[in-house]
2 protein chains.
Amino acid sequence: MSSNRINTKSRILEVTWRLLESGNKAIRMADIAKAAGVSRQALYLHFPSRAELLVATTRHIDKVKNVDARLARSRSASSGVERLHAFVDAWGGYIPQIHGISVALRAMRDTDKEAAAAWEDRMQAVRQGCEAAVLAILQDGYLKEGITEITGVDLLWTLLSVENWERLVLECGWSQSEYEQTLKKIAEVSLMSQR
Amino acid sequence: MSSNRINTKSRILEVTWRLLESGNKAIRMADIAKAAGVSRQALYLHFPSRAELLVATTRHIDKVKNVDARLARSRSASSGVERLHAFVDAWGGYIPQIHGISVALRAMRDTDKEAAAAWEDRMQAVRQGCEAAVLAILQDGYLKEGITEITGVDLLWTLLSVENWERLVLECGWSQSEYEQTLKKIAEVSLMSQR
DNA sequence: ATGTCAACTTTACACAGTGTCAAGTATTTC
DNA sequence: GAAATACTTGACACTGTGTAAAGTTGACAT
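Residues numbered from 1 in each chain as written. Chains lettered and ligands numbered in written order. Predicted model: local features only at pLDDT ≥ 70, side-chain atom pairs only at ≥ 80, totals over all residues. Heavy atoms only, no water.

## As for the nonpolar core
If you look at the biggest cluster of nonpolar residues, it comprises 123 residues, and the most contacted ones within it are Trp91(A), Leu156(A), Leu160(A), Trp91(B), Leu156(B) and Leu160(B). Other than its neighbours up to four places away in sequence, Trp91(B) contacts Leu71(B), Ile98(B), Arg122(B), Met123(B), Val126(B), Leu160(B) and Val162(B). (Core = buried A, V, L, I, M, F, W, Y, C linked by side-chain atoms within 4.5 Å. Buried < 20%, exposed > 50% of the residue type's maximum accessible area, 1.4 Å probe, protein only. Contact = heavy atoms within 4.5 Å.)

## Considering the protein's contact with DNA strand D
Not every one of the 19 residues close to DNA strand D is listed here, only the nearest: Arg28(A), Arg40(A), Arg50(A), Thr8(B) and Ser39(B). Here the atoms of DNA strand D within 4 Å of the protein split so that 64% fall in sugar or phosphate, with bases taking the remainder. At 2.8 Å, a side-chain N or O of Arg40(A) approaches a base oxygen of DNA strand D. The element contributing the most residues to the surface near DNA strand D is helix α3 (residues 40–46) of chain B, with four residues. Tallied by class, the residues present in the surface near DNA strand D amount to seven nonpolar, eight polar and four charged. (Near = heavy atom within 4 Å. Polar contact = N/O pair within 3.5 Å; in protein donor to acceptor, adjacent residues only side chain to side chain. Helix = DSSP H or I, 4+ residues; strand = E, 2+ residues; numbered from the N terminus. Nonpolar A, V, L, I, M, F, W, Y, C, P; charged D, E, K, R; others polar.)

## Details of the relation of the copies chain B and chain A
In screw terms, the move from chain B to chain A is a rotation of 180° and a rise of 0.0 Å along the axis, fitting with an RMSD of 0.0 Å. Given the turn and translation reported, the copies of this chain are related as if by a two-fold rotation axis. The position closest to the rotation axis in chain B is occupied by the C-alpha of Val189(B), lying 3.1 Å away. A shared binding surface is used by both copies, with 100% of the interface residues of chain B retained as interface residues in chain A. (Least-squares fit on C-alpha atoms with pLDDT ≥ 70 in both.)

## Regarding the interface of chain B and chain A
With 25 residues of chain B at the contact, the number on the chain A side is 25 residues. Surface buried jointly by chain B and chain A totals about 2200 Å² across both partners, of which 64% is contributed by carbon and sulfur atoms. Looking only at chain B, the three residues that lose the most surface to chain A are Asp110(B), Thr158(B) and Arg167(B), adding up to 25% of its buried area. The residue Glu163(B) makes a salt bridge to Arg167(A) at a minimum N-O spacing of 3.7 Å. Our count for the contact surface shared by chain B and chain A stands at three residue pairs in polar contact (both at pLDDT 80 or more). Contributing elements (two or more residues each) for the side of chain B that touches chain A: α7 (113–140), α8 (149–159), α9 (162–171) and α10 (176–191) of chain B. Across the side of chain B that touches chain A, the residue classes break down as ten nonpolar, six polar and nine charged. (Buried area = accessible area lost by both parts, 1.4 Å probe. Salt bridge = Lys/Arg side-chain N within 4 Å of Asp/Glu carboxyl O.)

## A few points about the pattern of salt bridges
In the structure shown here, the tally under the stated rule is 14 salt bridges over all chains. Salt-bridge contacts for Asp89(B) lead to Lys184(B); the nearest nitrogen and oxygen are separated by 3.0 Å. Placement of Asp89(B) in helix α6 (residues 80–108) and of Lys184(B) in helix α10 is noted, with a sequence separation of 95 residues between them. Accessibility expressed as a relative area gives 16% for Lys184(B), which makes it buried. When the shortest N-O distance is used, the salt bridge between Arg106(B) and Glu163(B) registers 3.6 Å. Placement of Arg106(B) in helix α6 and of Glu163(B) in helix α9 is noted, with a sequence separation of 57 residues between them. Residue class for Arg106(B) comes out buried when judged on its relative accessible area of 12%. Residue classification places Glu163(B) among the buried residues on the basis of a relative accessible area of 14%. In this structure, a network of salt bridges that share partners links the residues Arg106(A), Glu163(A), Glu166(A) and Arg167(B).

## What about the environment of Tyr179(A)?
All names here are of chain A. Within the element layout of this structure, Tyr179 appears in helix α10 (residues 176–191). Residue classification places Tyr179 among the buried residues on the basis of a relative accessible area of 0%. Among all residues touching Tyr179, those that are not within four sequence positions of it are Gly92, Ile95, Leu160, Trp165, Leu168, Val169 and Trp174.

## A look at the packing of helix α8 (residues 149–159) of chain A against α9(B)
The geometry of α8(A) relative to α9(B) is characterised by a closest axis approach of 9 Å and an angle of 150° between their N-to-C directions. As judged from the angle between their axes, α8(A) and α9(B) are roughly antiparallel. Where α8(A) crosses over α9(B), the handedness of that crossing is right-handed. On α9(B), the residues that touch Asp154(A), Leu155(A), Trp157(A) and Thr158(A) of α8(A) are Asn164(B), Arg167(B), Leu168(B) and Glu171(B). Across the contact of α8(A) with α9(B), the residue classes tally to three nonpolar, two polar and three charged. (Axes fitted to C-alpha atoms, helices over the stretch in contact; angles between N-to-C directions. Parallel < 35°, antiparallel > 145°, perpendicular 65-115°, else oblique. Left-handed = near helix turned anticlockwise from the far one by under 90°.)

## Describing helix α7 (residues 113–140) of chain A
All names here are of chain A. Taking 1.5 Å per residue as the helical rise, α7 with its 28 residues ought to reach 40 Å, and the 40 Å between its terminal C-alpha atoms agrees with that figure. Structurally, the start of α7 carries an N-cap: the backbone nitrogen of Glu114 is 2.8 Å from a side-chain oxygen of Asp112. Phi turns positive one or two residues past the end of α7, at Gly141, with a value near 85°. (Expected span 1.5 Å × (residues − 1).)

Next up, the structure:
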């Protein structure tokens, strides 16, 4: 029954995702096992460690939610502003989906290299999106005076951090659209010369 | 020897501070004890738990660095912009000093209520500073259209988060003055109507 | 029908770090 | 010289991760 193994494996991933989404920050291996209806040890038959289970869950979510397609849309924009807006929509809209797992991964960063690397990787992908947007603005000739390409990317990347989303949406109670609109505006006034 | 007890206690606080400043994220009770030249158990004679030791260290740093005096200076500014700038200087300049302990406190938030409360408390103090600045801008009549007092505070508070400082200064390699200058500018263009 | 293999379960245990407990020691203080 | 203070030492409970080994169950092949 090799299909059984596959079923169990993806069931574990689904369950992990669901538990992390619940907002409970202290999800243990035992919790995941219980929710998946397997023994705690069975988890280690499929994933070598907690960190790798979380990383695999991230990849699983990416696959299901189709990140690539989301981000591709921002690449087709013609002008710099459009590209900026499209990217804020794409990434900003994706944050809520991966928020649960992002909390777990970040919490493991200090103790686990794998988790740190996985999060770093994800962040570099976001940074690339920022880079493309800033470059498009630069090529349009609208990059603000005093902002270099690099500092512009640093800035946009920082503005669009998951932590800022958490603060505004979860802590301050902003709606997702308020978040997206405001961040677009701030990114604009911070990066682009207004005429 | 009651003075001995006091010496040991403050030595523990100093050593904890120093170790946290070192950037090593995994400081254990045993490490602190060793560095302070006492047994691990002696720590529990002075502080009931790791969380309370960290909280006490925070208060100790505040006392030594004189936070209150720092923040008081921003309160004496006359105009809104000045107040904004003074607050960014005061808080932004304080972040590097408390960064080590802030990392430790935030890492404990998930598992420890005390640590969570201590950090929350600190953040609310910062928020009050933000509130005062935004209010001053509002009273000057320069608060940007579309920004309410509350959203303005949310925004400034988010911009001035320790996490954003970490990203720009530690991760992106900005200097402290680059950080301060840029944040002042962004806060200005985000919150104030430019004439 | 029987044996084999894969996908589990069960039980046990090592390990790290926090926090508790009890008994012992050294120095001061009255 | 007794009592109090500020420790030390050593043992241990607890939680969560990860490892190891032996047992169970069902599908499938011959």
